[in-house]
Amino acid sequence: MQYQTAAWVDSPSPNTKPYLKHDVLIPTPSIGQVLVKLECSGVCHSDVHAILGETKRMAVHIGGHEGIGQVVELGQDVPQSYLHSRVGVKWLYSACQACEICTLNYTRCPHQSNSGRDVPGTFQQYVVAPAKFVTKIPSELSSERAAPLLCAGITVFSAIKKAGLNVGEWVVFPGAGGGLGHLGVQIAVKMGYRVIAIDEGDAKGRLCRDLGAEIYLDYKIDSVEETVMSLTGGYGAHAIICTTGSDAAYAQAFQLVRVLGTVVCVGLTISQLPVSPFAVAIRGLKVIGSSVGTEVEMEELLQMAVNGDVVPHIEMFELSELDNVVRQLAEAQIVGRAVLRIPQ
Ligand SMILES: [Zn+2]
Ligand SMILES: [Zn+2]
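In what follows, the accompanying structure is described. (Residues numbered from 1 in each chain as written. Chains lettered and ligands numbered in written order. Predicted model: local features only at pLDDT ≥ 70, side-chain atom pairs only at ≥ 80, totals over all residues. Heavy atoms only, no water.)

### Focus on the coordination of the zinc ion (ligand 1)
Each angle at a metal carrying four tetrahedral donors should ideally be 109.5 degrees, and each at a metal carrying six octahedral donors should ideally be 90 or 180 degrees. The test is simple: Note: metal donors comprise N, O and S atoms at 2.8 Å or less from the metal (3.2 Å for Na, K and Ca); water molecules are not included, so apparent gaps in a site are possible. Secondary structure elements are taken from DSSP: a helix is a run of H or I of four residues or more, a strand is a run of E of two residues or more, and numbering for both begins at the N terminus. The cut-offs for exposure are 20% and 50% of the maximum accessible area for each residue type, with area from a 1.4 Å probe on protein chains only; residues under the lower value are buried, those over the upper are exposed, and the others partly exposed.
Only C44 (SG), H65 (NE2) and C151 (SG) from the protein reach the zinc ion (ligand 1) as donors, at distances of 2.0 to 2.2 Å. Donor residues binding the zinc ion (ligand 1) come from one chain and are separated in sequence as C-x20-H-x85-C. Highlighted residues: H65 in the loop between α1 (45-51) and β4 (67-74) and C151 in the loop between α3 (143-146) and α4 (152-162), separated in sequence by 86 residues. What makes C151 buried here is its relative accessible area of 8%.

Rendered as structure tokens:
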């Protein structure tokens, strides 16, 4: 028996405190799986919801779904080429690839498993994962900078694509200075859209402007609706990609979107949508949901990162600091993405 260290959650609740547990068994890869020795893992806002018991879905004691490391052991039937390759372990741990939903988009498979939800996640030294669902990481990217692309990056990338914008159109990112938002700003700018960034505070403002946002609005200080209307000729933006789960941000999104525009729901809240079917019908709005993305989109995004078009802004922490990171994320105090170093 070999043991490893993991950031352990006894039981998800608002008062829970993840701690390092040193006697967690190193799993053995079964058929089709690889064993990955992790180097680092990003911390997603959905980890925060899970650990604090807000989504009541965490059925395991180890969260995390933005993990990167090296394959150190192969299960049966895994091609030898996987051994020693650097891979990412994502939220979509596996999908059935046989149901009717999978034939349309396997990321929505109702029979899927998720890292850190129903199988142990990436806040540990070793994780097993099905080889066909891990992502090979290009050698040009450091593990720390690649980690945030595995959930935050792919989620916002796919959301932007789903918005169906044309070059030169306006897109608003509420939560622009956070993990998803700051990547979304870069991707949207590169795709030729005009970006309005909304968040709070000077640090996030500086980051958003540096990343190419045409304007940054601090929702605590600025008159957001007035400014967006005047920038867009009184119409409102073509799309709002709501990368924060704040109820106020969702309420505002429907004030900022133009007639025939699109609101993409990405940030997680369990509140009801603050819009009437009347408004959706009369204004011809599209309301779309998006989370994660396909492997094809993942490859496209990694290529953008290799080209230097998307550079995650990261803040590094130790695995032992997960509790601290969870608190800071819950208070929206992290600029960009928090990434945990896994002890080697
Ligand atoms: Zn995530
Ligand atoms: Zn399926």
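### With respect to α4
Think of an α-helix as turning once every 3.6 residues; residues three or four places apart then point the same way. Formally: We call two residues in contact when some of their heavy atoms are within 4.5 Å.
Judged by how many residues are buried, α4 sits mostly within the fold: nine of eleven residues are covered. Every buried residue of α4 is accounted for by A152, G153, I154, T155, V156, F157, S158, A159 and I160. Those residues of α4 that are buried are in contact with β10 (170-174), α5 (179-190), β13 (237-242), β14 (257-265), α10 (295-306) and β17 (337-341).

### Some remarks on the pattern of salt bridges
Definition in use: Salt bridges, as used here, are contacts in which a Lys or Arg side-chain nitrogen is within 4 Å of a carboxyl oxygen on Asp or Glu.
The tally for this structure, following the rule as stated, stands at twelve salt bridges. Here K17 ties to D323 by a salt bridge, and the two come within 3.0 Å at their closest N and O atoms. Taken together, the residues span a long stretch of sequence, with K17 in the loop between β1 (3-8) and β2 (19-25) and D323 in helix α11 (residues 322-330) at a distance of 306 residues. For K17, a relative accessible area of 57% translates into the label exposed.

### Examining the layout of surface pockets
If a probe as big as a water molecule is rolled over the atoms, it shows which places are left empty. This is how the line gets drawn: A cavity here means a set of points on a 1 Å grid, drawn over the protein atoms and nothing else, where a 1.4 Å probe fits but cannot get out; a pocket is an open set with protein on both sides within 12 Å along at least five of seven lines, and a residue lines either one if it has an atom within 4 Å of a point. Grid points are joined across faces, edges and corners, and a volume is the space filled by probe spheres set on the points. Classes in brief: Ala, Val, Leu, Ile, Met, Phe, Trp, Tyr, Cys and Pro nonpolar; Asp, Glu, Lys and Arg charged; the others, Gly included, polar.
Volume-wise, the second largest pocket comes out at about 150 Å³. Lining the second largest pocket are 14 residues, and of these K90, L92, Y106, F133 and E295 lie nearest its centre. Of the residues belonging to the lining of the second largest pocket, the class tally is eight nonpolar, three polar and three charged.

### Quick notes on the packing of α4 against α10
Short version of the rule: Between the N-to-C directions of two axes lies an angle of 0 to 180 degrees, each axis being a line fitted to C-alpha atoms and, for a helix, fitted only over the stretch in contact. Any angle that is under 35 degrees is reported as roughly parallel, and any over 145 degrees as roughly antiparallel; angles of 65 to 115 degrees are reported as roughly perpendicular and all others as oblique.
Axis separation between α4 and α10 bottoms out at 10 Å; the angle between their running directions is 105°. Judged on the interaxial angle alone, α10 and α4 are roughly perpendicular. Where α4 abuts α10, its residues G153, I154, F157, S158 and K161 lie against E297, M298, E300, L301 and M304. Taken together, the residues of the contact of α4 with α10 break down into five nonpolar, two polar and three charged.

### So, the coordination of the zinc ion (ligand 2)
How we decide: Square planar and octahedral assignments, for four and six donors respectively, both demand that opposite donors be over 155 degrees apart and that all other angles lie between 65 and 115; tetrahedral needs four donors with all angles between 85 and 135 degrees, and anything else is irregular.
Coordination sphere of the zinc ion (ligand 2), protein contribution only: C96 (SG), C99 (SG), C102 (SG) and C109 (SG), at 2.3 Å. Viewed at the metal, the four donor atoms of the zinc ion (ligand 2) are separated by angles of 99 to 121°, and the geometry they form is tetrahedral. Read from N- to C-terminus, the donor residues coordinating the zinc ion (ligand 2) fall into the pattern C-x2-C-x2-C-x6-C. Of this pair, C96 sits in the loop between β6 (92-94) and α2 (100-105) while C109 sits in the loop between α2 and β7 (113-114), and the two are 13 residues apart along the sequence.

### Quick word on the sheet that holds strand β12 (residues 215-218)
So the rule is basically this: A pair of strands is labelled paired if DSSP reports no fewer than 2 bridges between them.
The strand order across the open sheet built from six strands is β12-β11-β10-β13-β14-β15, with neighbouring strands paired in parallel fashion. Pairing within the sheet leaves two strands with one partner each, and these edge strands are β12 and β15 (286-289). Looking at each pair of strands side by side, their axes are set apart by 20° on average, direction ignored. Direction of pairing for β10 relative to β13: parallel, over a ladder of two bridges. Residue pairing in the sheet places V171 in a bridge with A239 of β13.

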